[in-house]
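# Structural overview for review
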Amino acid sequence: MLIVTSNEIPGHRIDAVFGEVMGLTVRSRDIGSQMLAGFRSLGGGELPEMTRALYESRQEVMARMVNEAQQRGANAIVAMRFDTSEMGTNWTEVCAYGTAVYVLPLGEGEAGATGQSIYLTKNASQQAAGQPVQPQQPAPPQQPQFPGQPPVPPQQF
C-alpha cells in the first residue's frame, strides 16, 4: 500500500476516492516506565521508554488505518497525518488518518509519468502476458555529501 503525506502521488492517477480512513489507539503509560522516564528527565536527553511506546503506538495505528483502507478496496492513502494528544495524566491518544484512494500508475508517454510508474506499468503488462518479471537490482545507497568533506566510498552490503 502506498502511503503519502501529499495530496497526490507522482506518476499515479487517482481513479477512485473511498473517503477518510483512520487508526486510533489510547494507551496508558505503565508506572515502571513512567517512573524511570521521570528520573531520566532530570538529566535531560531522550527517554527511550517513552520513545518506544510512541513508536509502537504509531505502528499500531498505521496498521489499523491500512486495514480499513484495504477493506474499502483502496491501494493507497493520500494526505496521511498523525495526531497525538494527552488524555488525563497517564493516557495518550495516537491517531493516523488520511484519504483512501485507488491509484493507477502512469505509463510511458503519459503526461506526469515517472520512472517508477513506467516500471510498474511494464511489470504489470509482463505479468498479464505470463512473462517472468526480471527483478531490478536496487542502486546502492548514496552517502550524503557535505561541503568541505571528502567523498565517502559506497558501502558494500
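Each remark here, short or long, concerns the structure printed above.
So, here is what we can say about the structure in this document. As the structure is a computational prediction, the values presented were derived from the model and not from experiment. (Residues numbered from 1 in each chain as written. Predicted model: local features only at pLDDT ≥ 70, side-chain atom pairs only at ≥ 80, totals over all residues. Heavy atoms only, no water.)

## Some details on the sheet that holds strand S3 (residues 76–87)
Through backbone hydrogen bonds, the strands of a sheet pair up, either in parallel or in antiparallel fashion. Here four strands make up an open sheet; going across it, the order is S1-S3-S4-S2 and the pairing mixed. Each end of this open sheet is capped by a strand with a single partner; those strands are strand S1 (2–3) and strand S2 (12–28). Its contacts with the sheet put helix H2 (residues 48–71) on S1, S2, S3 and strand S4 (91–105), and the angle it makes with S2 is roughly 140°. (Pairing = 2+ DSSP bridges. Helix = DSSP H or I, 4+ residues; strand = E, 2+ residues; numbered from the N terminus. Contact = heavy atoms within 4.5 Å. Axes fitted to C-alpha atoms, helices over the stretch in contact; angles between N-to-C directions.)

## Let's talk about the nonpolar core
Nonpolar side chains in soluble globular proteins generally cluster together in the buried interior. One finds Val21, Val61, Met62, Met65, Val66, Ala69, Ala74, Ile77, Met80, Val94, Ala96 and Ala100 forming the largest nonpolar core, which totals 12 residues. Sorting the residues of this core by element identifies H2, S3 and S4 as the ones contributing at least two each. For this core, the leading source of residues is H2, giving five residues. Ile77 has contacts with Met1, Leu2, Ile3, Val4, Val21, Met65, Val66, Ala69, Gly98, Thr99 and Val101, leaving out every residue within four places of it along the chain. (Core = buried A, V, L, I, M, F, W, Y, C linked by side-chain atoms within 4.5 Å. Buried < 20%, exposed > 50% of the residue type's maximum accessible area, 1.4 Å probe, protein only.)

## Considering the pairing of S3
Relative to S3, S1 runs parallel, the two being bridged by two bridges. Each residue of the ladder has a partner; that of Leu2, found in S3, is Ala76. With 10 bridges connecting them, S3 and S4 associate as antiparallel partners. Bridging across to S4, Val78 finds its partner in Thr99. Taking the residues that link successive antiparallel strands as the turn, the S3-S4 hairpin has three residues, and the phi of Gly88 there is positive, at about 75°.

## Some words on H2
For H2, spanning 24 residues, the distance from its first C-alpha to its last is 35 Å, which sits close to the expected 34 Å at 1.5 Å a residue. Buried within H2 we find Glu49, Ser57, Val61, Met62, Met65, Val66 and Ala69. Backbone geometry just after H2 places Gly73 at a positive phi near 100°. (Expected span 1.5 Å × (residues − 1).)

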